[in-house]
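Structural description and commentary
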6 protein chains.
Amino acid sequence: MSLSGKNVIILAENFYEDLELWYPYYRLKEEGADVKVVGMPGVESYGSKHGYPVSPDLTPKDVEIEKIDALLVPGGYAPDKLRRYPEMLALVRKAFDQGSVIGMICHAGWVPISAGIIKGKKVTSVSAIRDDMVNAGGEWLDQAVVVDGNLISSRTPADLPAYCKAIIAALSK
Amino acid sequence: MSLSGKNVIILAENFYEDLELWYPYYRLKEEGADVKVVGMPGVESYGSKHGYPVSPDLTPKDVEIEKIDALLVPGGYAPDKLRRYPEMLALVRKAFDQGSVIGMICHAGWVPISAGIIKGKKVTSVSAIRDDMVNAGGEWLDQAVVVDGNLISSRTPADLPAYCKAIIAALSK
Amino acid sequence: MSLSGKNVIILAENFYEDLELWYPYYRLKEEGADVKVVGMPGVESYGSKHGYPVSPDLTPKDVEIEKIDALLVPGGYAPDKLRRYPEMLALVRKAFDQGSVIGMICHAGWVPISAGIIKGKKVTSVSAIRDDMVNAGGEWLDQAVVVDGNLISSRTPADLPAYCKAIIAALSK
Amino acid sequence: MSLSGKNVIILAENFYEDLELWYPYYRLKEEGADVKVVGMPGVESYGSKHGYPVSPDLTPKDVEIEKIDALLVPGGYAPDKLRRYPEMLALVRKAFDQGSVIGMICHAGWVPISAGIIKGKKVTSVSAIRDDMVNAGGEWLDQAVVVDGNLISSRTPADLPAYCKAIIAALSK
Amino acid sequence: MSLSGKNVIILAENFYEDLELWYPYYRLKEEGADVKVVGMPGVESYGSKHGYPVSPDLTPKDVEIEKIDALLVPGGYAPDKLRRYPEMLALVRKAFDQGSVIGMICHAGWVPISAGIIKGKKVTSVSAIRDDMVNAGGEWLDQAVVVDGNLISSRTPADLPAYCKAIIAALSK
Amino acid sequence: MSLSGKNVIILAENFYEDLELWYPYYRLKEEGADVKVVGMPGVESYGSKHGYPVSPDLTPKDVEIEKIDALLVPGGYAPDKLRRYPEMLALVRKAFDQGSVIGMICHAGWVPISAGIIKGKKVTSVSAIRDDMVNAGGEWLDQAVVVDGNLISSRTPADLPAYCKAIIAALSK
């Protein structure tokens, strides 16, 4: 399997878009990656937009960020919550700085905006937050997936196949 | 009553924050204003974050914007929907340009961001979208209510009394 | 502000009508009153008809009733629960006897009925409970707000502006 | 079967107490009665307090009241709706006047109150509405089932066996 | 009353069909039977398909099976859960072997299938699981109620009157 | 892409397990397959166990079964509905007979049971329906994925990676 030995984390909060968390989760497992979900301390379970539960494996403090090959942020309204935690933003910044893959889909872009890593980057997102992405200094493109360095972004659930292919390709290098 | 003869519109979409729509609605009626809810064509009812229904009175096309004294945007996740409609953004821009009061609370700021009217203005919002407000050129202040020219903004439902007082004061001039 | 120094309590239970609790809550705060929510011991939060949460500040035992200037009862089906607690009915009776403002809207009338304070009074309510009000000795009027001595009553959420104006006027005397 | 040839109607509206409608429904069918559900025109289905659906068989206008041997009202908050329809109250009054069995359980008493048939009768109900029953002229008893002439009343779902036994006995005379 | 001194248990799990648990529960109580609900240890309450709560009285270990005259299984999707517990299946087998009445309605048949007691028996069920019943060795009949020895089965809620009559008749022998 | 030119259908009904429908859907699209969802005529949308919507692309009548390379059945309680439609069972049988890949996961096995294609086959499923699978003549194995000829089966959502790998491998031959 192409990704065995790779470590991936997915950030979770309530109202995550169901498939934008779970499709990459299982997809990267299928390729042999170790995939863990990160949530805040004291939370046993988060519910998706439709109530699908996910139990975090780790808190931000548990994450050995230097061993992480990819950090993914699902969409839905979870990003509106995630961007409020300095610990979560710190994870994103460190992962970005060390060259890990950063994946964001749909509304996920709010988190990298608040982590301050969008400036000068080509990106995409759900059209609703395009203005926020552009105001943060991103060059916004209307494509199923946009890869700029270690930043990989997609628009909506319909882009999940293209999104995951790009993530797998980047992790396989 | 201080506001009789004044015309107010409130923009609505699903997942509006219940009290951020209804408190100003009844409050300005109490002062004698004519208050109408604006929704997209073909929609009989929007539900709040908790499912409280509101039936729009007007579509954007029905609004005689030059007669409008105040345009208010509630928070919740309705602003994430509202900013996608060019008709809604056009109402905000015209109201702003003609000097009408523009009120925004909590997550409502996303709409004025996309209407392009935040630049150089003192504003507040729920802390989660502060970065979006700042990236849009706003000067963000942590106050119950911020008034800059015809732009009036507040942070959360707890600020509703201060928010409405400021709106009433502005409309009473 | 007209009501600074005034103490107001609102009785809460599950299935309270959302706006009939929250509009007076914020409205009287806007006027400077101290407003507290009263719930039964051991309850962290009540949900409205639509699930909007409210956290009680006080239990009936905590209330220093002689310092209370107004006691308000919201509608919805909370009154059907509230009237079952002798402690709640005792608060209503004492507040009434000492001349505090008693506000009731929509279905709230069931509580004053069970407190035994309706007899000989002019009142209104949602039409559904008119017969209960009349059987309790009230003179039922179809008006947005009815004021009879310290008893103030309204019919439905649409009457909230008139209801709060009357409460503020009574408290300002 | 003891009740074959007997005609029974049950009044329905939203938020009926699930078992207080369905237990008598099936119980009287088990005894051979013809049981029909009555709802307002244009309504395909009502939901119980928990969302269990019931499809009305008849509107008030369809009911040949002189052929009805028993009219039953379930509890929950359906009675708060049912008492608003003059057509429903007319059915109750006519059935009562002609000596049909009138069954009411829990909050159902609000309907006979508004139909004006409680005065001077021994009755029971959920304790929450005891004051309304007493104010309507009823003599309220704390018993599983109270039979006074053709009026049969019970307190809560736990009384359903006693309630149905009394109804069957009355219909078997 | 015909069933006084008889002991009946009903097996419960989440998503039980509301009336298929509660109608027999109250019906057999009406006849004087002692009726108890059995659930797994540590569970305070199960919810029906529509969320109607039931609090178990006993765990499988508490049941003195040799004293039980009838064991009933409701339908809905509770049977899909119940058949996973060896303790529950053991109760069914022992009750069957000692000649107690075994009642099953709708989807309940999955539990007797897994208890291994269907082989060679005439049975019915909701049509959806007919193939499972036949594959388990049952002779499937399309009747409101099928009685074969101590095994009593019905198809859907509409058969509840016939189902309970047959159970009462069997227990009255 | 390995599966371009391949045609896949997924059968849908209400209460499908969210990920057991959507993970294979996007996964096979990622490999280039044409994936369509089949539902009964007149249905605009089915909801998952958590309410995630899916809009069918085709009715059974629209399917050109001889062009289908794989037919997949998701778990949840959708299979309890799907097995009631002769049209759906006919699709399964024809696809099986012509050697198309038949995928079933979790509770999906009920559909192949009713299609009569389990006899003599090695299979797996959620443990709850093992008895039904065995009674239908299957040899039940406790493995993440079981492949026997064109029949591919898995146990639960955690097996999705193994399940899809096996499906892709079978379609790639």
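The paragraphs below set out a description of the structure included in this document. Since this is a predicted model, take the numbers as computed values, not measurements.

**Overview of the relation of the copies chain C and chain B**
Take chain C, turn it by 180°, move it 0.0 Å along the axis, and it overlays chain B with an RMSD of 0.0 Å. Here the copies are linked by what is in effect a two-fold axis. Mapped onto chain B, 100% of the interface residues of chain C again fall at the interface, so both copies present the same surface.

**Quick word on the interface of chain F and chain A**
Across the boundary between the two partners, chain F contributes 22 residues, which contact 22 residues of chain A. Buried surface at the junction of chain F and chain A, both sides included, amounts to about 1900 Å², of which 63% is carbon and sulfur. A per-residue breakdown of the area chain F buries against chain A is headed by Tyr26(F), Glu30(F) and Tyr52(F), which together make up 37% of the total. Linking chain F to chain A there are 2 salt bridges. One salt bridge in this structure joins Glu30(F) and Arg27(A), with 2.9 Å as the shortest N-O distance. Applying the counting criterion to the chain F and chain A interface returns 14 residue pairs in polar contact (both at pLDDT 80 or more). Secondary structure elements with two or more residues in the side of chain F that touches chain A: helix H1 (18-30) and helix H6 (160-172) of chain F. In terms of residue count, H1(F) provides more of the side of chain F that touches chain A than any other element does, 8 residues in total.

**A closer look at the environment of Val126(D)**
Of note, Val126(D) is situated in the loop between strand S7 (122-123) and helix H5 (130-135). A sequence separation of 97 residues divides Val126(D) from Lys29(D), and the C-alpha atoms of the two residues are 26 Å apart. Those residues within four positions of Val126(D) in sequence are excluded, and the remaining contacts are Arg84(C), Cys106(D), His107(D), Trp140(D) and Arg155(D).

**Re the sheet that holds strand S9 (residues 145-148) of chain A**
Strand pairs in the sheet, formed through backbone hydrogen bonds, run parallel or antiparallel to each other. Residue and element names in this part refer to chain A. What the 6 strands build is an open sheet, ordered S2-S1-S5-S6-S10-S9; its pairing is mixed. Among the strands making up the open sheet, the edge pair consists of strand S2 (34-38) and S9. In this sheet, neighbouring strand axes are inclined to one another by 15° on average, regardless of whether the strands run parallel or antiparallel. Looking at chain direction, strand S5 (residues 70-73) and strand S6 (residues 101-105) are connected through 4 bridges and run parallel. Looking at the pairing, Leu 71 lines up with Ile 102 of S6.

**Observations regarding the nonpolar core**
A general feature of soluble globular proteins is that nonpolar side chains tend to end up buried together. Ranked by size, the top nonpolar core spans 398 residues in total, and within it Leu11(A), Leu11(B), Leu11(C) and Leu11(D) carry the most contacts. Contact partners of Leu11(C), with chain neighbours within four places excluded, come to Val38(C), Leu71(C), Leu72(C), Val73(C), Pro74(C), Leu82(C), Met88(C), Leu91(C) and Val92(C).

**Some details on the sheet that holds strand S6 (residues 101-105) of chain F**
Residues and elements named next belong to chain F. Strand order in the open sheet formed by 6 strands is S2-S1-S5-S6-S10-S9, and the pairing between neighbours is mixed. The sheet terminates laterally at strand S2 (34-38) and strand S9 (145-148), the two strands that pair on one side only. Direction aside, the axes of adjacent strands within the sheet are offset by 15° on average. Of the pairings in the sheet, the one linking strand S1 (residues 7-11) to strand S5 (residues 70-73) comprises 3 bridges and is parallel in character. Following the sheet pairing, Ile 9 is matched in S5 by Leu 71. H1 contacts S1, S2, S5 and S6 of the sheet and is inclined by roughly 155° relative to S2.

Cut-offs used in this document
Residues numbered from 1 in each chain as written. Chains lettered and ligands numbered in written order. Predicted model: local features only at pLDDT ≥ 70, side-chain atom pairs only at ≥ 80, totals over all residues. Heavy atoms only, no water. Least-squares fit on C-alpha atoms with pLDDT ≥ 70 in both. Contact = heavy atoms within 4.5 Å. Buried area = accessible area lost by both parts, 1.4 Å probe. Salt bridge = Lys/Arg side-chain N within 4 Å of Asp/Glu carboxyl O. Polar contact = N/O pair within 3.5 Å; in protein donor to acceptor, adjacent residues only side chain to side chain. Helix = DSSP H or I, 4+ residues; strand = E, 2+ residues; numbered from the N terminus. Pairing = 2+ DSSP bridges. Axes fitted to C-alpha atoms, helices over the stretch in contact; angles between N-to-C directions. Core = buried A, V, L, I, M, F, W, Y, C linked by side-chain atoms within 4.5 Å. Buried < 20%, exposed > 50% of the residue type's maximum accessible area, 1.4 Å probe, protein only.

Keep in mind these values describe shape, not function.
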